[in-house]
Number of protein chains: 2
Amino acid sequence: MKFKAEIDVMPLEALLDPQGKAVSNSMKNIGLPEITGVRIGRHVRLFVEADNQSEAETKVEEACKKLLANQIMESYVFTVEAV
Amino acid sequence: MKFKAEIDVMPLEALLDPQGKAVSNSMKNIGLPEITGVRIGRHVRLFVEADNQSEAETKVEEACKKLLANQIMESYVFTVEAV
């Protein structure tokens, strides 16, 4: 079976996010001062071939740990669904 | 009221994604050949002050169009929820 995973990799809350900070500041300049607290990370979409949902989740977890996220600086969440 | 928005900005399907391609190839080398079709974009989390859900969505839409996404090369989807 083929599964699709959607993964969000974000900088840890405890860490500064200079890119997000710059965007937060820019919101004022484009007339959107109501927008605050911008944080920017990565969004990864991928497909995984597995026998069932739980095997697919295990593989995605492994991909996150080994390659997609740096756990010292980033946290990740993902969803997996059959396609 | 305060709302939280989660925005995914992804390269358009019609365009190459060299970063995603490189990650797809790397999956084989780390023992995860079952993972294919990796595409990498940005994930943005922000807060917006608005009177109601629909006003919040309008502001987030405006932020995406003006600053967060380049619509020539990227598409975006978002969810907005009260916090």
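Above this note sits the structure.
Please read these numbers as outputs of a predicted model, since none were measured by experiment.

Novice: Quick rundown of the overall build of chain A? Include the residues and the values.
Specialist: On a plain count of helices and strands, chain A comes out with two helices and three strands. If you list the helices and strands of chain A from N to C, you get β-α-β-α-β. Whereas a compact globule of 83 residues would reach a radius of gyration of roughly 12 Å, chain A reaches 16 Å, over 25% beyond that. Reported as C-alpha extents along the three principal axes, the dimensions of chain A are approximately 50 × 25 × 15 Å. When the 83 residues of chain A are sorted by exposure, 42% land in the buried category. Relative to all contacts within chain A whose residues are 6 or more apart in sequence, the contacts with residues 24 or more apart total 71%. Only carbon and sulfur atoms are counted for the fraction: they give 56% of the accessible area of chain A, which is about 4500 Å². Taking the average place of the 10 positive charges on the side chains of chain A and the average place of its 13 negative ones, the gap between the two points comes to 6 Å.

Novice: Tell me about the sheet that holds strand β1 (residues 2–11) of chain A, and please be specific about residues and values.
Specialist: Strand pairs in the sheet, formed through backbone hydrogen bonds, run parallel or antiparallel to each other. Spatially, the six strands line up as an open sheet ordered β3(A)-β1(A)-β2(A)-β2(B)-β1(B)-β3(B), and their pairing is antiparallel. Across the chains shown, the open sheet's two edge strands, defined by having one partner strand only, are β3 (74–82) of chain A together with β3 (74–82) of chain B. Within the sheet, the average angular offset between the axes of one strand and its neighbour, ignoring direction, is 20 degrees. Examined bridge by bridge, β1 of chain A and strand β2 (residues 35–49) of chain A share eight bridges and lie antiparallel to one another. Following the sheet pairing, Lys 4 of chain A is matched in β2 of chain A by Phe 47 of chain A. Of the strands in this sheet, β2 of chain A together with β2 (35–49) of chain B are in contact with helix α1 (residues 18–29) of chain A, which crosses β2 of chain A at around 130 degrees. Contacts from helix α2 (residues 53–68) of chain A reach β1, β2 and β3 of chain A together with β2 of chain B within the one sheet, and its direction differs from that of β3 of chain A by about 150 degrees.

Novice: I'd like a description of the interface of chain A and chain B, backed by residues and values.
Specialist: Across the contact, 31 residues belong to chain A and 31 residues belong to chain B. Counting each side, the surface lost to burial between chain A and chain B is near 2700 Å², with a carbon and sulfur contribution of 64%. Contact with chain B buries area across many residues of chain A, yet Glu 34, His 43 and Arg 45 of chain A alone supply 22% of it, more than any other trio. Where chain A touches chain B, the interface holds four salt bridges.

Novice: I'd like a rundown of the relation of the copies chain A and chain B, residues and numbers included.
Specialist: It takes a turn of 180 degrees to lay chain A on chain B, together with a shift of 0.0 Å along the axis; the resulting RMSD is 0.0 Å. The symmetry that links the two subunits is that of a two-fold axis. Within chain A, the C-alpha atom positioned nearest to the axis of rotation is that of Arg 42 of chain A, 2.1 Å from it. Interface residue correspondence from chain A to chain B reaches 100%, placing this contact among same-surface, isologous pairings.

Novice: For α1 of chain A, give the residues involved together with the corresponding values.
Specialist: Residues and elements named next belong to chain A. Relative to the 16 Å expected for twelve residues at 1.5 Å per residue, α1 spans 17 Å between its end C-alpha atoms, a close match to the ideal helical length. Those residues of α1 that fall on the buried side of the exposure criterion are Gly 20, Val 23, Ser 24 and Met 27. Projected onto a plane normal to the axis of α1, the buried residues spread over an arc of 105 degrees and lie on a single side. Along α1, exposed side chains directed more than 90 degrees from the buried face belong to Pro 18, Lys 21, Lys 28 and Asn 29.

Novice: Give me the lowdown on the packing of aromatic side chains, citing residues and values where you can.
Specialist: All names here are of chain A. On inspection of all chains with the given rule, the structure shows two aromatic pairs over all chains. Their ring planes at 15 degrees and their centres at 6.5 Å tell us that Tyr 76 and Phe 78 sit as a pair that is stacked. Looking at Tyr 76, the relative accessible area reads 16%, which means it is buried. Positioned above the aromatic ring of Phe 47, the side-chain terminus of Lys 2 is 5.1 Å from the ring centre.

Cut-off values and rules
The numbers attached to residues start from 1 for each chain and follow its sequence in the written order. Note on labels: chains are lettered from A, ligands numbered from 1, in written order. pLDDT decides what is reported in this predicted model: residues at 70 or higher carry local features, side-chain atom pairs at 80 or more are listed and counted, and totals for whole chains, interfaces and linings draw on all residues regardless. Side-chain metrics rest on all non-hydrogen atoms present in the structure, leaving aside hydrogens and water. Numbered from the N terminus, helices here are DSSP runs of H or I no shorter than four residues, and strands are runs of E no shorter than two. As defined in this context, the radius of gyration uses C-alpha atoms, and a globule is described by 2.2 Å times the residue total to the power 0.38. Throughout, exposure labels follow a simple rule: accessible area from a 1.4 Å probe, protein chains only, divided by the maximum for the residue type, with under 20% read as buried, over 50% as exposed, and the rest as partly exposed. Contacts are assigned to residue pairs that have any heavy atoms within 4.5 Å of one another. Only the protein chains shown count as cover for residues, with accessible areas throughout obtained via the Shrake-Rupley method and a probe of 1.4 Å. The charged-residue count follows a simple rule in which Lys and Arg add positive charge and Asp and Glu add negative charge, with His and chain termini not counted at all. Note on charges: their place is set at NZ of Lys, CZ of Arg, CG of Asp or CD of Glu. Whether two strands pair depends on DSSP finding at least two bridges between them. For helices, the fitted line uses only the C-alpha atoms of the stretch in contact; every axis is such a line through C-alpha atoms, and the angle between N-to-C directions lies from 0 to 180 degrees. Buried area is understood as the total, over both parts, of accessible area removed when two parts are fitted together, assessed with a 1.4 Å probe. Any carboxyl oxygen of Asp or Glu that lies within 4 Å of a side-chain nitrogen of Lys or Arg is treated as forming a salt bridge with it. Alignment of the copies relies on least squares applied to C-alpha atoms, considering only residues that score at least 70 for pLDDT in both. Multiplying 1.5 Å by the helix residue count minus one yields the expected span of that helix. Regarding the arc, it is the one traced by the directions from the helix axis to the C-beta atoms. Each aromatic pair joins two rings of Phe, Tyr and Trp (for Trp, the six-membered one) with centres within 6.5 Å, and gets the label stacked for planes under 30 degrees apart, edge-to-face for over 60, and tilted for any other angle. By definition, being over a ring means that NZ of Lys or CZ of Arg is both within 6 Å of the ring centre and within 35 degrees of the ring normal.

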